[in-house]
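Descriptive structure summary
Okay, here's what each chain looks like letter by letter:
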Amino acid sequence: MNSKRRIEGLAQRVLFFLASVFVLSVLVFYVSRLAPGDPLVSYYGDRAEKMSPEEREWAEDKLGLNAPIHVQYICWLQNAFRGDFGISYKYKMDVKELVGGRIGNTLLLGGIGFVLIFVLALALGVCCAWHEERLADRMICRIGTITSCIPEFWLSLAGILIFAVTLRWLPSSGAYSIGKENDLGDRVRHLILPLSVIVISHLWYYAYMVRNKLLEEVRAEYVLLARMKGLNKRQVLFGHCLRNVMPAYFSLMALAVPHVLGGTYIVETVFSYPGIGTLTYESARYQDYNLLMLLSLFTGIIVIFCNVSAQMVSERIDPRLRMDDQRRYEEVDRL
Amino acid sequence: MSELLEVRNLSVSFDTPAGEIQAVRDVSLTVKTGEVLAIVGETGCGKSVLCKSILRLLPDIASIKTGRILLNGADITDYRERDMCRLRGRVFAMVFQNPMTVLNPSLSVGAQIAEAVKIHSPGMTRLAVEQRTLELLRLVKIDHPEERCKQYPAHLSGGMRQRCVLAIALAAEPELLFADEPTTALDVTIQAQILELFREVQAKLHMAAIFVTHDLSVAAMAADRVAVMYAGKIVEIGTTEEIFRNPRHPYTWGLMRALPALAGGRRRLYAIPGMPPTLIDPPKGDAFACRNEYALAIDYEEQPPMFPVTETHFAATWLLDERAKGLEIPVPDFGCSDAEEERGELAAEPDILLDVQHLTHVFPLSKKETLTAVDDVSFQIRKGEIFGLIGESGSGKSTVARCIMNVYRPTGGSIIWQGINVCNPKAFHTHKKLLQSARQIIFQDADDSLNPRKKVCDIIMEPMKLQHVRPPRGTMRAEAAFWLQRVGMDAAYLDQYPSALSGGQRQRIAIARALSMEPTFLVADEPVAALDVSMQAQVVNLFKQLQEELGFSFLFIAHDLAMVRFLCNRVGVMHQGRLVETASAEELFRHPKHPYTRRLIESMPIPDFSWGVSERRQDR
Amino acid sequence: MKDGFQVVGIQQTDQRPVHGSGSRRQEKPVISALLLLLLVAGCLACNLFVDKDPSYLDLAHSNVAPNRDYLFGTDTLGRDIFSMIWYGGRISLCIGFVSTLIATAAAVILGAVSGCASRRVDGVIMRVVDILLSVPSLLVVILLQAVLGKASVLSIAFVIGITGWMSMSKVIRTEVRQIRNSGYVIASRCMGGGFFHILWHHLAPNFVSSIMFMVIMSVRTAIAAESTLSFMGIGLPVEVISWGSMLSLAKQALMGRAWWMILIPGFFLVATLVCLTNLGNYLRRKINGRHSNL
């Protein structure tokens, strides 16, 4: 019974996941084609403006742009199933190759950033809750509020200005120095600034959430019972309060994925970091349809995947979510 | 018996922005091994704070100002947190008031008990811990302990959860168990079971216990000795027999007389006038003086010390002073006098005002499941009658009230109010205005039933404005002032917000709002359940008085049998959505027919107050 | 009879009522409020004290470091940064307010509808909101902005507003649900209060306080979003002066090591955001009076 229910739940999730991806692809496809602007410009550059109507038609035909949108979409979908996502108009190469060459960089930057935020936010939140309203907490809160207000791009600029341009400690752009693709130390040096920017600008928002959630938990009555047993404060905080906060924290961090990813894209642009962030924003600007489709799909899949898996993890570790009937009963009681 | 715990002149204060709250003032008491001491008092009198300060479970803003706490003769007042951790669980344990919130919702019950077992015997094997957990569950009489172990608190009923909390408290066989209102949040029948279990376990393990309660009858059943607290001080302490047979403090008199179980046919409940003082800057003299009809002049000037009555019985009232001897104190009349006054029985059979026929209400829980909250309920209410509806929580009594008031549309059956079928939307709309002004409702939690962002006068005026009533006393405001005075409050409260008022005052405002429409039918859904004994008596008296004056019909919903018996003409008993018995109040209590009614009445904690007034007169 | 020992019964004693007990007093963000007031006033009244035209391209004096003539220096196009700050502040603040207006309106309407609706309708609306919340808003903004064509102040405000209402509507919906089930709303319904009476007299006064925080935070987010967009070149063009578009010249500034072009507008931007956050945090519902059990 239990395993059957679990499989059912899993199937539901997978279906939801696929449906979301499909809807996303349709939306992006239509919206991008509604946008004014000429995709031919990105393919032919300035030449596109001087084309004769016949030439245009021939070019559009070649790129498959003159069919009705739904036909174009079906065509794209068929190709996509075969693994062919078309070519980029601007870079004139297979989008898969184009993205594939850069995606690693983005995943590295965003992934490490996300993990750091995840761990540090938890630690900082617990630290603040432990020292509630004492000096340490107040100081961290104040500094945190300020850092969380600074837009990423400006923090990046200030970082470059101070550490790269003035002090010359760190490189100002790129993922590696020319000719040193395989030098690990060089890569790490290039990662330091963008990574710090991503972590600093996102950290406090989540740490503050953890802090507030913990402070709420600490005010619950079960804390008294736990302390009455003879547990010390640390045992209560970690064994009871933090445990109860974790499910909410997982869902929160799932929602954090799009934000951190968005932040990564911005930081990549400022640091001219060869990731997909710069590509995304260029593809939207220059009507590079095929590239845009792949990138949005990729972003969407990461985000939806994280959401679905966070939900499943939360349900695994939080018995409260499994007791739907009980909760509904209580809700009825309150009506 | 040796003295296990001794508290000497303990004072505890809370440091708040509004000032220093002196929650416990100069309290001294002792508890001997194996003895049960009950601490009785109203909300905010400091009884919980006293217990928590001994266990050192109070928040940082609270501090012990003066006094010592001795455990087996050793001073533990200055123990640090680490030392207290070792005492908690092993020496002290505590059972809390609300079993619904006190267990961690995301840990299984077994894990929570096992945690308590492990912490004090770190060397135990897993198997031994498991064995001990099951043993504890059996000790608190939980059936199928192996399965219950794996369940989460949400799966268990309130009584079960309280048993689990008790099991956790007993895990390390403490020497002193604090029970902070352990039965207050539970239903009457469950309350009796838990009380029984508590006494059994206490005798079996030969523990000492401090039993905190607001309910004198519970204290009488559970304790060897009783301490009465008021405004942070112990005003009277003695053995249970001494306190109940020979109470000496006027506050104890008041508490006892306010019990509806002892009203025994009197027209009014005795109510202690006024309200307890705030403990920020408490009054100079005796804190109870301004509510005490026997107050002496010195009570307003100087706090009374503890006067010994016998070796074990002490009371803090100047009435016991040498100099007050010879004063003629009108001895209050307690006791259930048998000379019962004839209840205002309705002479003839008046017309039927409300006819509920086969009322059924089903809540959908999910696509498959439903919850039948009300199942085929039929009853009538006559004009000018007070009809009581009693039952435990979840028995569907509130749902009945809400169906009658058109908050829910019932799934089946009909409700006929003066010939109008209010369940029929069409009929309801044609008579909307009449129905909405002639029927009014009062809720349990006055906290929640008054909009916190409106002033008192706006709250009282709301129904009048909605129904465009032309105020008979000139302006709306005058009208509001009139009704406020009618419910015993000063017109000065008109511009206050509800948050500045006490629970009893808020309930009065809810009453004023309902009555301002001069309804012919009033529904009150547990209107006094959230109030203290003395406030309860005030509000119930008010209901009775207003009903006699205004003559409205009244549906009174409660879980307190004694209250219903005192107030109502006829009573219906609800159990699991069904109305199992309807009878006149006296008839129901004297000759209950349905087994459930019998069980309810048996579980009522009625103290054995067989002391006579004559006895007291003799020793004067 | 000895003095004091006669029965006097119940007498009035003066008990002064205690107000505001319970909740911890919070320090008021005076400095933040004053600074914000100063900034807003400066931006509104800038034509009174700024004597240079912010859009005048003085190519002879480009990239001038701060001096007595040009208090904050000039940018690569030779515009005076001091005057740009104040004029640009107008645009930035204006975008913040307009988009918040749009977001708040959308949030209140959808939140209230969802809160009052049946469980099924509520479920659908909240599902949609959840999905929208999980899409990276930057992506949506870029797409929308591409659809709307060349950016103007209004179109930017619209795009930011339309992507920023989701979390606010969730808060409102929860509030409305809670208040809807409270005794005073049911009592009001029994007394004949209609939907609008309840909305106006009971729901609105109670949820206003909880959304004030969200509203202020939304101003903050909008200002930050505008500056980010303008910086990346998808927001306002360089000619339309805002704090964001001033920073879009940052790349050139970095090469010329013109720190004033980056740090000064950024400082104003961050100061505004910090002040707004402090104000918002003050308005956020405090952890009600209860004290830690730990």
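Throughout, a residue's number is its position along its own chain's written sequence, starting from 1. Ligands are numbered from 1 and chains lettered from A, in the order in which they are written. Per-residue local features of the predicted model are confined to residues with pLDDT of at least 70, and side-chain atom pairs are confined, for both listing and counting, to 80 or more; whole-chain, interface and lining totals are unaffected and use all residues.

Turning next to the overall build of chain A. Each helix is a run of DSSP H or I of at least 4 residues and each strand a run of E of at least 2, with the numbering of both proceeding from the N terminus. Within chain A, the secondary structure is distributed over 14 helices and zero strands. For chain A, the succession of helices and strands along the chain, N to C, is α-α-α-α-α-α-α-α-α-α-α-α-α-α. Each principal axis of the C-alpha atoms in chain A carries an extent, and together these give about 85 × 60 × 35 Å. Across the 335 residues that make up chain A, the buried fraction comes to 38%. A separation threshold of at least 6 residues defines the contact pool for chain A, and within that pool the share at least 24 residues apart is 71%. Labels follow a simple rule on C-beta atoms placed from the backbone: if 20 or more others lie within 10 Å of a residue's own, it is buried; if 12 or fewer, it is exposed; otherwise it is partly exposed. A pair of residues counts as a contact when their C-beta atoms, built from backbone coordinates, are separated by no more than 7 Å.

For the rest of this paragraph, the subject is the overall build of chain B. Within chain B one finds 23 helices and 22 strands. Here chain B has a C-alpha radius of gyration of 26 Å; the compact-globule value for 620 residues is 25 Å, and the two agree. Considered along the principal axes of its C-alpha atoms, chain B spans approximately 75 × 70 × 50 Å. A separation of at least 24 residues holds for 69% of the contacts in chain B among residues at least 6 apart in sequence. Between the two quantities, the radius of gyration covers C-alpha atoms and the globule rule is 2.2 Å times the number of residues to the power 0.38.

Where strands meet in a sheet, backbone hydrogen bonds hold them as pairs that are either parallel or antiparallel. Residues and elements named next belong to chain B. DSSP calls a pair of strands paired once it identifies at least 2 bridges connecting them. An order of β14-β13-β16-β17 is seen for the four strands of this open sheet, with the pairing classed as antiparallel. The open sheet terminates on both sides in strands that have one partner only, identified here as β14 (370-382) and β17 (420-421). Taken together, the five bridges between strand β13 (residues 352-364) and strand β16 (residues 412-417) define a ladder with antiparallel strand orientation. Bridge pairing links Gln 357 to Ser 414 in β16. To obtain each axis, a line is fitted to C-alpha atoms, and for helices this fit is confined to the stretch in contact; angles are then taken between N-to-C directions over 0 to 180 degrees. With respect to the sheet, helix α12 (residues 397-404) is in contact with β13, β14 and β16, its orientation differing from that of β14 by roughly 65°.

Once that is clear, we can look at the packing of helix α4 (residues 109-120) of chain B against helix α5 (residues 126-139) of chain B. Residue and element names in this part refer to chain B. One can describe the packing of α4 onto α5 by two numbers: an axis separation of 9 Å at closest approach and a directional angle of 115°. The pairing of α4 with α5 is recorded here as roughly perpendicular in orientation. Considering the relative orientation of α4 and α5, their crossing is right-handed. Between α4, through Gly 110, Ile 113, Ala 114, Val 117 and Lys 118, and α5, the contact on the second element is made entirely by Val 129, Arg 132, Thr 133 and Leu 136. Each residue gets one of three labels, nonpolar for Ala, Val, Leu, Ile, Met, Phe, Trp, Tyr, Cys and Pro, charged for Asp, Glu, Lys and Arg, and polar for the others, Gly among them. Of the residues belonging to the contact of α4 with α5, the class tally is five nonpolar, two polar and two charged. Throughout, the term roughly parallel applies to angles under 35 degrees, roughly antiparallel to angles over 145, roughly perpendicular to angles from 65 to 115, and oblique to all others. Two helices that cross are described as forming a left-handed crossing if the nearer one is turned anticlockwise from the farther one by less than a right angle, and a right-handed crossing if clockwise.

Residue and element names in this part refer to chain B. Note that strand β1 (residues 3-16) and strand β2 (residues 19-32) share 10 bridges and pair antiparallel. By the bridge assignment, Thr 16 is partnered in β2 with Gly 19. Where β1 hands over to β2, the hairpin turn is made up of two residues, counted between the paired strands.

Here the focus is the interface of chain C and chain B. Counting residues at the interface gives 35 residues for chain C, matched by 42 residues for chain B. Mapped onto the side of chain C that touches chain B, the elements with two or more residues apiece are α8 (183-190) and α9 (195-232) of chain C. With seven residues, the single largest contributor to the side of chain C that touches chain B is α8(C). Here the side of chain C that touches chain B is composed, by residue class, of 11 nonpolar, 20 polar and four charged.

Inspection of helix α6 (residues 153-162) of chain C places Ile156(C), Ala157(C), Val159(C), Ile160(C) and Gly161(C) among the buried residues, and these make up the whole buried set. Along its buried surface, α6(C) packs onto α3 (81-116), α5 (137-148) and α9 of chain C.

Bringing the environment of Ile262(C) into the picture now. Here Ile262(C) shows up in helix α12 (residues 259-283). Residue Ile262(C) is classed as buried on the basis of its 23 C-beta neighbours within 10 Å. Along the sequence, Ile262(C) and Arg68(C) sit 194 residues apart, while their C-alpha atoms lie 19 Å from each other. Those residues within four positions of Ile262(C) in sequence are excluded, and the remaining contacts are Leu157(A), Ala158(A), Leu161(A), Leu247(C), Ala250(C) and Ala253(C).

Looking now at the interface of chain A and chain C. Between chain A and chain C, the residue contacts involve 43 residues of the former and 38 residues of the latter. Elements with a contribution of two residues or more to the side of chain A that touches chain C: α1 (2-34), α6 (135-149), α7 (152-166), α8 (184-218), α9 (222-229), α10 (233-271), α11 (276-285) and α12 (289-317) of chain A. It is α10(A) that provides the largest number of residues to the side of chain A that touches chain C, a total of 10 residues. Per-class residue counts for the side of chain A that touches chain C are 31 nonpolar, seven polar and five charged.

Attention now moves to the confidence of the model for chain A. Low pLDDT marks regions whose predicted coordinates should not be analysed in detail. Residues and elements named next belong to chain A. Of all residues in chain A, 91% attain a pLDDT of 70 or more, and the chain-wide mean is 82. When mean pLDDT is taken per element in chain A, α9 scores highest with 91 and helix α14 (residues 324-334) scores lowest with 41. A low-confidence stretch, residues 324-335 (pLDDT under 50), is modelled with 12 contacts involving residues beyond four sequence positions or located in other chains. The quantity called pLDDT is the predictor's confidence in a given residue, expressed from 0 to 100.

A word on the pairing of strand β6 (residues 92-95) of chain B. Residue and element names in this part refer to chain B. Because side chains alternate across β6, one face comprises the buried residues Phe 92 and Met 94, and the other comprises Ala 93 and Val 95, equally buried. Of the strand pairs in this sheet, β6 and strand β7 (residues 176-180) are connected by four bridges, and their pairing is parallel. Among the inter-strand pairings, Phe 92 is bridged to a residue of β7, identified as Leu 176.

With that settled, consider the environment of Cys141(A). You can see Cys141(A) is positioned in helix α6. Taking C-alpha positions, Cys141(A) is 8.0 Å from Cys128(A), a pair spaced 13 residues apart along the chain.

Residues and elements named next belong to chain B. Positive phi is not limited to glycine here, since Asn 72 has a value of about 50°. Classification of Asn 72 by C-beta neighbours within 10 Å gives partly exposed; the count is 13. Positive phi, close to 50°, is recorded for Gln 576, a residue that is not glycine. Note on placement: Gln 576 falls in the loop between β21 (570-575) and β22 (578-584). Since 14 C-beta atoms lie within 10 Å of it, Gln 576 is described here as partly exposed.

All right, on to the environment of Gly503(B) then. Residue and element names in this part refer to chain B. Note that Gly 503 resides in helix α18 (residues 503-515). When the 18 C-beta atoms within 10 Å are taken as the criterion, Gly 503 is described as partly exposed. Spatially, the C-alpha atom of Gly 503 lies 9.6 Å from that of Val 528, the residues being 25 residues apart in sequence.

The subject of this paragraph is the packing of helix α5 (residues 95-130) of chain A against α8(A). Residue and element names in this part refer to chain A. Viewed as axis vectors pointing N to C, α5 and α8 meet at an angle of 35°, and their least axial separation amounts to 6 Å. By crossing handedness, the relation of α5 to α8 is classed as right-handed. Looking at the contact of α5 with α8 residue by residue, the class counts come to 23 nonpolar, three polar and one charged.

The next subject is the confidence of the model for chain B. Residues and elements named next belong to chain B. Per-chain confidence: chain B averages 84 in pLDDT, with 92% of residues scoring 70 or above. Below pLDDT 50 for its whole length, residues 335-342 participates in 11 contacts with residues either more than four positions away or in separate chains. Overall fold confidence (pTM) sits at 0.84, and the ipTM for the predicted complex is 0.83.

In this section: the sheet that holds strand β10 (residues 233-239) of chain B. Residues and elements named next belong to chain B. One open sheet holds the eight strands; their spatial order is β6-β7-β8-β3-β9-β10-β12-β11, and the pairing between them is mixed. Unpaired on one side and paired on the other, β6 and β11 (307-308) mark the two borders of the sheet. Note that β11 and strand β12 (residues 314-315) share two bridges and pair antiparallel. Within β12, the position partnered with Phe 307 by the bridge is Ala 315. Packing against the sheet, helix α7 (residues 158-170) makes contact with β6 and β7, and its axis sits at approximately 175° to β6.

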